[in-house]
Amino acid sequence: MTGDDHGTSRRATRTVRLGHSDVSVTRLALGTAPLGGWPEATDPQVALDVINAAWAAGFRFFDTAPLYGHGLSEGWLGEALATRSRDEFSIATKVGRLLRPTPADQPVIFHGTPPVNPIFDFSHDGVLRSMAESLERLQLDRVDVAHIHDPDDHLEEAVSGAHKAVLELRDSGVIRAVGAGANSAETLTTLARAGEFDCFLLAGRYTLLEQGALDNLLPVCAERGISIVAGGVFNSGVLVDPKPGAHYDYAKAEAPIVERARRIGAVCERHGVPVKAAALQFPLGHPAVACVLTGVRSTAELAENAAAFEFPIPPDLWLDLKRERLLRPDAPVPEDF
């Protein structure tokens, strides 16, 4: 999965293939969920500035979804990339939700959104409609990756309907790689065993804070040649700023989680390493992990995360995290990637 690595001097702009596909992505990619209005509404110009700054920094992989800003994220990404050569970048979007002017069937967490709401639909025809609507917002005739999005409570339909549809989209050239995205390693493990996939977006479940995916998902992906795109590496922010009221999984973090994050931060500080650097780089120690998404809300935050991705980390940092039982002893750690 890493055979396409160009070996350039900057880690962030090195490229790697996703699974068995021919989709090439940069090791550090832009995740656009925060630009969709989480935890607060985003100014459209700020969103465009962030995407353009990511391009200038060498990012060539962009992740979006109809859910993010209820279409706003896709629209802004399409506008910002409209003048770029299509062969120079890769885009992942998601299927499994349609945007409709009806009440949402789940809690709404995005702000400043248009008057439509995400409605789950993992049917074959629903997925085809979702992709057609995404392409219109993105101003594209194809995307590179289609992820079946959050199918946790809809696994049967996701396999029988959505998966069949995305395979058809791949065979017709509308997409180039088949994926799924979830916050649950168990959900993605089930899908890995049930269908044909090139990559998974795993959000928040393989981070400095938790490594449960080592027990199930990551070994299965390594065996089957499925690449992992690691998202949510700051666990909604608690790893970066562990204090009462910090977010974890898009909600208020409980005290034990805040304390564990604080202890991780203390070890990083002792080694003179920004916790952002350790959090961004850690997932790439596992051979199944192809790239890391960084979700930001400003150009300054983007620049900070891009610099953190290049920050040199001494091996003793990982050893100390393991000695203090803050990192699983069987977790592979990064060397160079």
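By convention here, each chain's residues receive numbers from 1 onward along its written sequence. Under the rules for a predicted model, residues below a pLDDT of 70 receive no local features and side-chain atom pairs below 80 are neither given nor counted, while totals for whole chains, interfaces and linings still include all residues. Working from all heavy atoms in the structure, the side-chain values ignore hydrogens and water.

Outline the nonpolar core, supporting the account with residue identities and numerical values.
In this text, buried Ala, Val, Leu, Ile, Met, Phe, Trp, Tyr and Cys residues form a nonpolar core when linked through side-chain atoms within 4.5 Å. Partly exposed describes any residue whose relative accessible area lies between the buried limit of under 20% and the exposed limit of over 50%, with all areas from a 1.4 Å probe on protein chains only and scaled to the type maximum. F62, F200 and L208 are the most contacted members of the largest nonpolar core, which totals 93 residues. We call two residues contacting when some pair of their heavy atoms lies within 4.5 Å. In this structure F200 touches H147, A180, L188, L191, A192, L217, C221, I226, S227, I228 and V229, once residues within four positions along its chain are discounted. A29, A92, V229 and A290 belong to the second-largest nonpolar core, a separate cluster that totals 15 residues.

Hey, could you go over helix 3 (residues 124-138) for me, with residue numbers and the actual values?
Helix numbers and strand numbers start at the N terminus; a helix is a DSSP run of H or I with at least 4 residues, a strand a run of E with at least 2. Multiplying 1.5 Å by the helix residue count minus one yields the expected span of that helix. Taking 1.5 Å per residue, 15 residues should reach 21 Å; helix 3 reaches 21 Å between its end C-alpha atoms and fits that length. When helix 3 is considered as a whole, its buried residues turn out to be G126, V127, S130, M131, S134, L135 and L138. In this structure, the buried residues of helix 3 make contact with helix 2 (72-81), strand 5 (90-95), strand 6 (97-100), strand 8 (145-149) and helix 4 (155-171). Q139, located one to two residues past helix 3, shows a positive phi value of around 60°.

Quick one: what's the story with the side chain of R205, residue by residue and with numbers?
Locating R205 in the fold gives a position in the loop between strand 10 (199-203) and helix 6 (217-224). Looking at R205, its side chain comes within polar contact range of the main-chain oxygen of N183, at 3.0 Å. Polar contact is the term for a pair of N or O atoms within 3.5 Å; when the atoms are in protein, one must be able to donate a hydrogen and the other to accept it, and sequence-neighboring residues count only if both atoms are side-chain atoms. Within polar-contact distance, the side chain of R205 engages the side chain of D249 at 3.2 Å. Those residues within four positions of R205 in sequence are excluded, and the remaining contacts are N183, S184, A185, E210, Q211, G212, A213, N235, Y248 and D249.

I'd like a rundown of the side chain of D320, residues and numbers included.
Mapped onto the secondary structure, D320 falls in helix 10 (residues 315-323). Overall, D320 belongs to the buried group, its relative accessible area being 14%. If we skip the residues at most four places from it in the chain, D320 touches V267, R270 and H271.

Outline the packing of helix 3 against helix 4, listing residues and values.
Here the axes come from fitting lines to C-alpha atoms, over the contacting stretch only for helices, and the angles between their N-to-C directions go from 0 to 180 degrees. Two elements in contact, helix 3 and helix 4, have axes whose closest approach is 7 Å; the angle formed by their N-to-C orientations is 50°. Compared by their axis directions, helix 3 and helix 4 come out oblique. Judged by the sense of rotation from one axis to the other, the crossing of helix 3 with helix 4 is right-handed. Every residue of helix 4 that contacts helix 3 at H124, V127, L128 and M131 is listed here: G161, A162, K164, A165, V166, E168 and L169. Residues are sorted three ways: Asp, Glu, Lys and Arg are charged, Ala, Val, Leu, Ile, Met, Phe, Trp, Tyr, Cys and Pro are nonpolar, and all the rest, Gly among them, are polar. For the contact of helix 3 with helix 4, the per-class residue count stands at seven nonpolar, two polar and two charged. An angle counts as roughly parallel when it lies under 35 degrees, as roughly antiparallel when it exceeds 145, as roughly perpendicular when it falls between 65 and 115, and as oblique in every other case. By definition, any crossing whose near helix is turned counterclockwise from its far helix by less than a right angle is left-handed, and any crossing with a clockwise turn is right-handed.

Which residues make up the pairing of strand 9 (residues 177-182), and what values go with them?
Most of strand 9 sits inside the fold, with six of its six residues counted as buried. Of the two faces of strand 9, the one lined by A177, G179 and G181 and the one lined by V178, A180 and A182 are each fully buried. Think of it this way: DSSP has to see at least two bridges between two strands before they count as a pair. Where strand 8 lies against strand 9, five bridges are found, and the strand directions are parallel. Within strand 9, the residue paired with A146 across the bridge is V178. You can see the chain leave strand 8, run along helix 4 and come back into strand 9, and the turn it takes is right-handed. Judged from the four bridges that link them, strand 9 and strand 10 form a sheet pairing that is parallel. Looking across to strand 10, one finds that A180 is bridged to F200. Since strand 9 and strand 10 lie parallel, the crossover through helix 5 (residues 185-194) that links them has a hand, and here it is right-handed. For a crossover, the right-handed case is the one in which the path from the first strand over the helix to the second runs clockwise, viewed with the strands pointing away from the viewer.

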